[in-house]
Amino acid sequence: MDKNILSELSPTGCNIKQNEPLSKHTTLGIGGNADYFVEIFNEQQLIQVLKFIYNNKIKFYIIGGGSNILFSDEGFRGIIIKLCGDFCKYEIQENQIICGSAVNLSFLSKMTADRELSGLEYFVGIPGTVGGAIYGNAGIKNLSVSSVLDKVEVVNFTGKKEILTKKDLKFEYRKSNLQQCIIIRAFFILKKTNKNDILKVILQEINKRKISQPIGTKNAGCVFKNPKDDSAGRLIDSLNLKNYSIGDIKVSNIHANFIINESNGSAKDMLNLIEFIRNEVRKKYDINLETEIKIIK
Ligand code: EPU
């Protein structure tokens, strides 16, 4: 099978790396080697790769910005897909943004603000790609990216392209029904507004994050989803767990729902810390915290 993957996928023109450290592709800087790490530049390549994977029943996973994910220290036995090239393109048609799923969300937020288009400014501080943000319905407090999304173009796991409109899309807090496909393009509808008003929100969001989140550290954003009507960060903080660490993995002293890799932390220590926090919160509050980050084994 190993030989097949290289010889079958090389002619597609994708960039194939073998034994690629996933720590290089995650904001946490954690993760062992992936057997194959395939960078895909256009739709045709994606369809060819997905058909090959489907026909050969190969394990695969698609990463966006690597900002919400924990891979194990053993890495990944299969193919990791990363979209680049054409998937980083975008165009603006009046108040509609047509955007490849590999575009950086924060960049898109600033770029649309600059064009006096409102709707994405609240998401300026969210790391990762547009595809990842839609997949996980990323957002701030009561506002998520799905609020300005009109439709998405996806390729399903058998390699078939489809457009999904509002009637097909289901979003909940940090959740979408886009688990069985790969988002390749997003269509957002924004509103023409005064540029200063949009920039005010951008500044406010950036400043809020600067004081309330551990910017510049190796982390994967909030580790746990918020339980209904509460904040996981507040609950963890109330147990005095800020700064609590296992090995090089530590609860942030700024926001307790962030876990930081201080230098060469392992996935094992991170998972142990997650379980420890979950148990402490369960004991004290009888609340079972659910992880927001994706844990891939
Ligand atoms: N709080 C504490 N201690 C902490 C952290 C928070 O007491 O260590 C308190 C705060 O003082 C505040 C309340 O908890 O009164 C809520 O905190 P915050 O405003 O930071 O919001 P959050 O619910 O912790 C959510 C999102 C963040 C998003 C912020 C800002 C989730 C899990 N988290 O955090 O999203 O940036 O709102 O809008 O929904 C992410 O999804 O990765 C993420 C970081």
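For the structure, see preceding data.
This is a predicted model, so every value here is computed, not measured.

Criteria and cut-off values
Residues numbered from 1 in each chain as written. Predicted model: local features only at pLDDT ≥ 70, side-chain atom pairs only at ≥ 80, totals over all residues. Heavy atoms only, no water. Pairing = 2+ DSSP bridges. Helix = DSSP H or I, 4+ residues; strand = E, 2+ residues; numbered from the N terminus. Axes fitted to C-alpha atoms, helices over the stretch in contact; angles between N-to-C directions. Near = heavy atom within 4 Å. Polar contact = N/O pair within 3.5 Å; in protein donor to acceptor, adjacent residues only side chain to side chain. Areas by Shrake-Rupley, 256 points an atom, 1.4 Å probe, with all protein chains shown as cover. Buried < 20%, exposed > 50% of the residue type's maximum accessible area, 1.4 Å probe, protein only. Parallel < 35°, antiparallel > 145°, perpendicular 65-115°, else oblique. Contact = heavy atoms within 4.5 Å. Nonpolar A, V, L, I, M, F, W, Y, C, P; charged D, E, K, R; others polar. Expected span 1.5 Å × (residues − 1). Arc of directions from axis to C-beta. Salt bridge = Lys/Arg side-chain N within 4 Å of Asp/Glu carboxyl O. Core = buried A, V, L, I, M, F, W, Y, C linked by side-chain atoms within 4.5 Å.

Visitor: What should I look at first to understand the sheet that holds strand β2 (residues 33-40) in this one?
Guide: One open sheet holds the four strands; their spatial order is β1-β2-β5-β3, and the pairing between them is mixed. What marks the edges here is a single partner per strand, and that holds for β1 (15-21) and β3 (60-63). For this sheet the average axis-to-axis angle between neighbouring strands, irrespective of direction, equals 30°. Bridge count for β3 against strand β5 (residues 76-83) is four bridges, and the pairing is parallel.

Visitor: Whenever I open this one, the site of the ligand confuses me. Can you help?
Guide: In the vicinity of the ligand there are 20 residues, among which Lys141, Tyr173, Asn226, Asp237 and Glu292 approach most closely. Between a nitrogen atom of the ligand and a side-chain N or O atom of Asp237, the distance comes to 2.8 Å. With respect to the ligand, the backbone of Ala256 contributes an N or O atom lying 2.8 Å from an oxygen atom. Protein coverage of the free-state accessible area of the ligand, which is 810 Å², stands at 75%. Contributions of two or more residues to the shell around the ligand are made by β17 (218-222) and α6 (232-238). Top contributing element to the shell around the ligand by residue count: α6, with three residues.

Visitor: Looking at this structure, how should I read the pairing of β5?
Guide: Remember that side chains alternate between the two faces of the sheet whenever the strand is regular. For β5, a buried count of six out of eight residues is recorded, marking the element as mostly surrounded by other parts of the structure. Bridge analysis of β2 against β5 gives six bridges, and the strand direction is parallel. Residue Ile40 lies in a different strand from β5, and its bridge partner there is Leu83.

Visitor: What am I meant to see in the packing of helix α3 (residues 105-114) against helix α5 (residues 195-212) here?
Guide: Packed helix pairs are specified by the crossing angle of their axes together with the interaxial distance, meaning the distance between the axes. Viewed as axis vectors pointing N to C, α3 and α5 meet at an angle of 155°, and their least axial separation amounts to 9 Å. Of the possible angle classes, the one that applies to α3 and α5 is roughly antiparallel. Counted together, Ser109, Lys110, Ala113 and Asp114 of α3 and Lys195, Ile198, Leu199 and Ile202 of α5 form the full contact between these two elements. Of the residues contributing to the contact of α3 with α5, the split by class is four nonpolar, one polar and three charged.

Visitor: Any chance you could explain α5 here in plain terms?
Guide: If you check α5, its first and last C-alpha atoms are 26 Å apart, about what 18 residues at 1.5 Å a residue would give, namely 26 Å. Turning to α5, its buried residues are Ile198, Val201, Ile202, Glu205 and Arg209. End-on view of α5: buried residues confined to an arc of 100°, all on one side of the axis. Among the exposed residues of α5, those pointing more than 90 degrees away from its buried face are Asn196, Lys200, Leu203, Lys210 and Ile211. For α5, the elements touching its buried residues are α3, β8 (117-118) and β9 (139-140). For α5, the side-chain oxygen to backbone nitrogen distance between the N-cap and Asn196 is 2.7 Å, and the N-cap itself is Asn194.

Visitor: For this particular structure, what's the right way to read the pattern of salt bridges?
Guide: Close approach of charged atoms allows side chains with opposite charge to pair. Under the counting rule described, the total for this entry stands at 21 salt bridges. For Lys161, the salt bridge identified is with Glu43, shortest N-O distance 2.5 Å. In this pair, Lys161 is assigned in strand β12 (residues 161-165) and Glu43 in helix α2 (residues 43-55), connecting sequence segments 118 residues apart. Since its relative accessible area comes to 39%, Lys161 is described here as partly exposed. Beyond isolated ion pairs, a larger network of salt bridges with shared partners links Lys17, Glu20, Lys24 and Glu39.

Visitor: Would you mind going over the sheet that holds strand β15 (residues 181-189) with me for this structure?
Guide: Read across the sheet, five strands follow the order β6-β7-β15-β11-β12 without closing on themselves; strand pairing throughout is antiparallel. Where the open sheet ends on each side, the last strands, each with one partner, are β6 (90-93) and β12. Averaged over all pairs of adjacent strands, the angle between strand axes in this sheet comes to 20°, irrespective of strand direction. Alignment of strand β11 (residues 149-156) against β12, held across five bridges, turns out to be antiparallel. By the bridge assignment, Lys151 is partnered in β12 with Thr165. The strands touched by α2 are β11, β12 and β15; relative to β15, the strand with the most contacts, the crossing angle is about 145°.

Visitor: So what exactly am I meant to see when it comes to the nonpolar core here?
Guide: When a protein is soluble and globular, its nonpolar side chains tend to lie buried together. Ranked by internal contacts, the top residues of the largest apolar core, which has 27 residues, are Leu108, Val130, Ile134, Val152, Leu178 and Phe188. Elements represented by at least two residues in this core include exactly β7 (96-100), α3, α4 (130-135), β11 and β15. If you look at the next biggest cluster of nonpolar residues, it comprises 23 residues, including Ala232, Leu239, Ala267 and Leu289.

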